[in-house]
Amino acid sequence: MSEMKTLDQYLKQRKGRWYYVRRVPLRYANVDTRRIIKTALKTNSREVARARRDALAEADDLYWSSLTIGSPGSQNGAVSRYRAAKARAFARGYIYTPVEEMAVQKDMTEVIDRLRTLEGSLGTRQETVETDALLGTAPKASITISEAFELYCDKITIGDLKGKSPDQRSSWRKVKNRAVQNFIRLCGDKPMAEIDRSDAQVFYEWWGRRVDPKDGSKPLNANSANKDITNLRVLFGTYWTYEGESKRENPFAGLRFKNVVYKTVPPFSAHWLETKVLADGALLTLNEDARLILHTLIETGCRPSEIANLRPEHIVLDHDVPHLRIRPTAGRKLKSKSSNRDIPLLGVSLEAMKLRPNGFDAYYDRSSTLSATLMKYFKTNGLLETPDHRIYSIRHAFEKRMLEADIDYGLRCILMGHHNSRPSYGDGGSLVYRREQMRKFALLKARLPMSQ
């Protein structure tokens, strides 16, 4: 009963018809002299009434906000008034249309209909807000790009972030925030409604000077430039779609640097891993958790974040074939659906996991810290085979070793957590089969006796 009451908050039914009825909260009594708000929702459908009620409740909240956060002409007050008008128009069954656009419409039928709807509010305390909604008299306004970014992160993309851990959310936000901050440094924290093509051109040309410098400085990767431009284009489009203006021209559309050379991360050679990375004493001063994670990467090909975020239930050592179960958790997503997989443990990877049967608490949801720690150690101790090598080169080495051992393509995809583009006719084989295949390319220094 209480749940139904919440669902039908502010709703009253009279003779089969629904009404929105709400008392003005006491904290707004000094700025809104209406004591009780009562609006006919013009429907006998409970579901339709709820939708219109939601829009009117949002409109009233925004209206009160516009009266209390500043003068009607202030930026925040104008934004709240504009949003309130749009929400109220929706509740009345109309799409908010600015008065200047309404004035040039050839078909005046809808305009007349809006005027008739407005008649009931003339001379009442709701006349101003109803006029804003029905005749589009609320001045167009928008929040600044920094505020739009916060709205984008906290509300608009909430579905995209569902299931991501705090570390994943931080990484997701970091890249997008870089684009916004770069834009603000160049063009200022402009209202979204004032950002135009000239601003986008300034941003594009700024990146162009960094991608192709004429002063002899080191050129930056055009891929970074394209990421920044894409993130601004998505932010702009998503924000205005959220505001109900999906057809607004996007100033960042079509701007992109072509012929981008993507820098590939090379794999470590098996010889380098055996003679350098796994050499006696090579990892002696690396903290134990980081060292054991590194060992686990070598014979599993996992992503560092997958090992760092293992939970005890994902580490299966009391099995005929000890293995890892790479799975999402309630608080953390995997990179893709294909990342969901079981990987046998052998060699140094098995020995490492025996020492951490409950996972790596020191690096749980701190994969960025892990990568930074490992990379710093490899650079300082001369463990990078070339300047282009990275920690991810261990994963790429695993893939290369599989290829050179002529491992079945489907099994390679499964072990790497990659999507298999070919038709699948099996489940990738048993754990025993997977382990036997993995033994074909295990490192000599890390190989276990075949009797295991």
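Please read these numbers as outputs of a predicted model, since none were measured by experiment.

A. View of empty space enclosed by the protein. Here the structure, examined in full by the defined rule, presents 1 cavity of 30 Å³ or more. Counted as a void, the largest cavity has a volume near 40 Å³. In terms of lining, the largest cavity is formed by Phe149, Tyr152, Lys176, Val180, Asn231, Leu232, Val234 and Leu235. If you list the elements that add at least two residues to the lining of the largest cavity, you get helix H7 (145–156), helix H9 (166–187) and helix H11 (222–242). For the lining of the largest cavity, the element with the most residues is H11, which contributes 4 residues. In terms of residue class, the lining of the largest cavity is built from 6 nonpolar, 1 polar and 1 charged.

B. Just the layout of surface pockets, in detail. Approximately 1600 Å³ is the volume attributed to the largest pocket. Lining the largest pocket are 40 residues, with Ser171, Val175, Lys335, Ser368 and Tyr392 positioned closest to its centre. Secondary structure elements with two or more residues in the lining of the largest pocket: H9, H11, helix H14 (304–308), strand E5 (323–326) and helix H16 (367–380). The biggest single contributor to the lining of the largest pocket is H9, with 7 residues. Looking at side-chain class alone, the lining of the largest pocket contains 12 nonpolar, 14 polar and 14 charged residues. Approximately 590 Å³ is the volume attributed to the second largest pocket. In this structure, the second largest pocket is lined by 20 residues; those nearest its centre are Lys86, Ala87, Tyr242, Glu243 and Gly244. Among the secondary structure elements, those contributing two or more residues to the lining of the second largest pocket are helix H2 (46–68), helix H3 (75–91) and H7. Of the residues forming the lining of the second largest pocket, the biggest block, 5 residues, is contributed by H3. In terms of residue class, the lining of the second largest pocket is built from 10 nonpolar, 2 polar and 8 charged.

C. Summary view of the sheet that holds strand E2 (residues 17–23). Strand order in the open sheet formed by 3 strands is E1-E2-E3, with antiparallel pairing between adjacent strands. Two strands lie at the open edges of the sheet, namely strand E1 (11–14) and strand E3 (36–40), each paired on one side alone. Across the sheet, the mean angle separating the axes of adjacent strands is 30° when strand polarity is ignored. Examined bridge by bridge, E1 and E2 share 4 bridges and lie antiparallel to one another. Each bridged residue has a counterpart across the sheet, and for Lys12 the counterpart in E2 is Tyr19.

D. Summary view of the sheet that holds E5. An order of E4-E5-E6 is seen for the 3 strands of this open sheet, with the pairing classed as antiparallel. The open sheet has two edge strands with one neighbour each: strand E4 (315–316) and strand E6 (341–344). Inspection of the sheet shows E4 paired to E5 by 2 bridges, in the antiparallel sense. Along E5, the bridge assignment pairs Val316 with His323.

E. Representation of the pairing of E5. Where E4 folds back onto E5 in an antiparallel hairpin, the turn is made up of 6 residues. Pairing geometry for E5 and E6, over 4 bridges, is antiparallel. Considered in E6, the bridge of Arg325 is made with Asp342.

F. Summary view of the environment of Leu443. Locating Leu443 in the fold gives a position in the segment after helix H19 (431–439). For the pair Leu443 and Glu299, spaced 144 residues apart in the sequence, the C-alpha separation amounts to 8.0 Å. In contact with Leu443, not counting residues within four places along its chain, are Ala270, Leu273, Glu274, Leu278, Ile298, Glu299 and Arg401.

G. Spotlight on the state of the cysteines. Using the criterion set out here, one finds 0 disulfides in the structure. The cysteine Cys302 is free of any disulfide, with Cys413 supplying the nearest cysteine sulfur at 15 Å.

H. Broad picture of the packing of aromatic side chains. Counted by the stated rule, this structure contains 12 aromatic pairs. Judged by centre distance (6.1 Å) and plane angle (70°), the rings of Phe183 and Phe252 are edge-to-face. Of this pair, Phe183 sits in helix H9 while Phe252 is found in the loop between H11 and helix H12 (270–277), placing the two residues 69 residues apart along the sequence. Through pairs of rings, three or more aromatic residues link up here, namely Phe183, Phe203, Trp206, Trp207 and Phe252. Sitting above the plane of the Tyr19 ring, Lys38 keeps its charged end 5.2 Å from the centroid.

I. Geometry of helix H15 (residues 347–355). Every buried residue of H15 is accounted for by Gly347, Val348, Ser349, Leu350, Ala352 and Met353. Those residues of H15 that are buried lie in contact with helix H13 (288–298), E4 and E5.

Criteria and cut-off values
Note on numbering: residues in each chain are counted from 1, in written sequence order. Where local features are concerned, this predicted model is filtered to residues with pLDDT of at least 70; where side-chain atom pairs are given and counted, the filter is 80 or more; whole-chain, interface and lining totals use all residues. As a rule here, side-chain values cover all heavy atoms of the structure and leave hydrogens and water aside. Only protein atoms enter the 1 Å grid used here. Points where a 1.4 Å probe fits but cannot escape make up a cavity, open sets with protein on both sides within 12 Å along at least five of seven lines make up a pocket, and a residue lines them when an atom lies within 4 Å of a point. Grid points are joined across faces, edges and corners, and a volume is the space filled by probe spheres set on the points. Under the scheme used here, helices are H or I runs from DSSP no shorter than 4 residues and strands are E runs no shorter than 2 residues, and both carry numbers assigned from the N terminus. Ten residues, namely Ala, Val, Leu, Ile, Met, Phe, Trp, Tyr, Cys and Pro, are considered nonpolar, four, namely Asp, Glu, Lys and Arg, are considered charged, and the remaining ones, Gly among them, are considered polar. We call two strands paired when DSSP finds no fewer than two bridges between them. Simply put, an axis is a line fit to the C-alpha atoms, just over the touching stretch for a helix, and the angle between two N-to-C directions goes from 0 to 180 degrees. Between two residues, a contact is recorded if the distance between any of their heavy atoms is within 4.5 Å. Our working definition of a disulfide is a cysteine sulfur pair at a distance within 2.5 Å. Two aromatic rings, drawn from Phe, Tyr or Trp (for Trp, its six-membered ring), form a pair once their centres lie within 6.5 Å of each other, and the interplanar angle then sorts them: stacked below 30 degrees, edge-to-face above 60, tilted otherwise. The criterion is that NZ of a Lys, or CZ of an Arg, lies within 6 Å of the ring centre and within 35 degrees of the ring normal, and then a charge sits over that ring. With a 1.4 Å probe rolled over the protein chains alone, any residue whose accessible area is under 20% of its type maximum counts as buried; one over 50% counts as exposed, and the rest are partly exposed.

Taken by themselves, the reported measurements are silent on function.
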